[in-house]
Amino acid sequence: MRPALDPAVPISASAAEPTHPCVRCGAPVPLEDALCERCNPLGLPQPASTQAHGTIFLAIALSVLGLAILGRLAVSGVGPFGGQVTGVAAEAPGLRVSIVVHNDGTSGGATTCRVFDPSEPGIGPDSAYLLSPRVPAGGSVTFSGVVTSLGPTVKPLAADCR
């Protein structure tokens with residue numbers, strides 16, 4: 001074991017080897033050691049770096065799992081949603097689209113509706129997205145919004161609310 005370094009005594013840059021702080025007190029110790037002589041006076045085996053990294057990985061994994069469970073509980077019972085365009089009118093600079101959204105779930109929530117031209121295949125760049133207001137469980141809400149990406153010409157539109 002190397003002699004302990006006193007954190008109050010400066011070390012010249014030329015004689016210094018790479019160090020990191022002691023995990024307990026913060027004194028500089030060589031990279032292969034975790035504890036300084038003051039914190040480990042008996043020279044007991046030091047914790048391995050795999051121990052520290054394993055503990056950190058476990059904490060991160062448990063945190064992600066906990067957040068996933070909380071997220072699932074927060075949205076359980078919301079939806080599925082159904083949406084239908086009830087009106088399209090010209091309004092500068094695009095179209096005002098009215099949509100009725102129905103929530104078939106057991107909890108209230110909001111959804112995002114994709115408004116598109118049903119005559120064009122696939123999900124193309126000519127789609128617009130509108131966020132609905134909160135829809136109560138088993139209820140319906142009608143709302144409207146102006147979309148500009150579909151042009152100013154009135155045409156039949158469809159909505160897909162998920």
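How each quantity is defined
- Residues numbered from 1 in each chain as written.
- Predicted model: local features only at pLDDT ≥ 70, side-chain atom pairs only at ≥ 80, totals over all residues.
- Heavy atoms only, no water.
- Phe/Tyr/Trp six-rings, centres within 6.5 Å; stacked < 30°, edge-to-face > 60°.
- Lys NZ or Arg CZ within 6 Å of the ring centre and 35° of its normal.
- Pairing = 2+ DSSP bridges.
- Helix = DSSP H or I, 4+ residues; strand = E, 2+ residues; numbered from the N terminus.
- Axes fitted to C-alpha atoms, helices over the stretch in contact; angles between N-to-C directions.
- Patch = residues over 30% accessible without salt bridge, like charges linked within 9 Å, V, L, I, M, F, W, Y side chains within 5 Å.
- Areas by Shrake-Rupley, 256 points an atom, 1.4 Å probe, with all protein chains shown as cover.
- Salt bridge = Lys/Arg side-chain N within 4 Å of Asp/Glu carboxyl O.
- Buried < 20%, exposed > 50% of the residue type's maximum accessible area, 1.4 Å probe, protein only.
- Disulfide = S-S within 2.5 Å.
- pLDDT = per-residue confidence, 0-100.

### So, the packing of aromatic side chains
Tallied over the full model, the rule gives zero aromatic pairs. For Arg114, the ring lying beneath its charged end belongs to Phe116, and the centroid distance is 4.1 Å.

### Observations regarding the sheet that holds strand S8 (residues 158-161)
Here we have three strands laid out as an open sheet, ordered S6-S5-S8, and antiparallel in their pairing. With one partner strand each, in any of the chains shown, strand S6 (127-131) and S8 form the two edges of the open sheet. This sheet shows a mean twist of 25° between the axes of neighbouring strands, independent of strand direction. The pairing of strand S5 (residues 112-116) with S8 spans four bridges and is classified as antiparallel. Residue pairing in the sheet places Cys113 in a bridge with Cys161 of S8.

### A look at a nonpolar patch on the surface
A grouping of Leu58, Leu62, Leu65, Leu67, Ile69, Leu70 and Leu73 is seen on the molecular surface, where their side chains present a nonpolar patch of about 750 Å² in accessible area. The exposure class of Leu67 is exposed, given its relative accessible area of 60%.

### Side note on the state of the cysteines
Under the criterion given, the structure shown has one disulfide. Each sulfur of the disulfide joining Cys113 and Cys161 lies 2.0 Å from the other. Looking down the S-S bond of the Cys113 and Cys161 bridge, the torsion is 110°, so its handedness is right-handed. Taken together, the positions of Cys113 in strand S5 and Cys161 in strand S8 put the pair 48 residues apart, joining distant regions of the chain. For the pair formed by Cys113 and Cys161, the shared burial category is buried. As a non-bridged cysteine, Cys36 has Cys25 as the owner of its nearest cysteine sulfur, 3.6 Å distant. There is no disulfide at Cys39, and the cysteine sulfur nearest it, in Cys36, is 3.6 Å away. By relative accessible area, which is 17% here, Cys39 ends up buried.

### A few points about the confidence of the model for the protein chain
Taken residue by residue, the protein chain gives an average pLDDT of 86. The fraction at 70 or more is 89%. Mean pLDDT values for the elements of the protein chain range from 89 in helix H1 (residues 49-75) up to 95 in strand S4 (residues 94-103).

### A few points about the pattern of salt bridges
The final tally for this structure, using the stated rule, is two salt bridges. Close ionic contact of Arg96 with Glu91 constitutes a salt bridge, the shortest N to O distance being 2.7 Å. Look at Glu91 and you get partly exposed, because its relative accessible area is 31%. With a closest N to O distance of 3.1 Å, Asp160 and Arg162 form a salt bridge. For Asp160, a relative accessible area of 25% gives the class partly exposed. Taking the relative accessible area as the measure of exposure, Arg162 reaches 73% and is therefore exposed.

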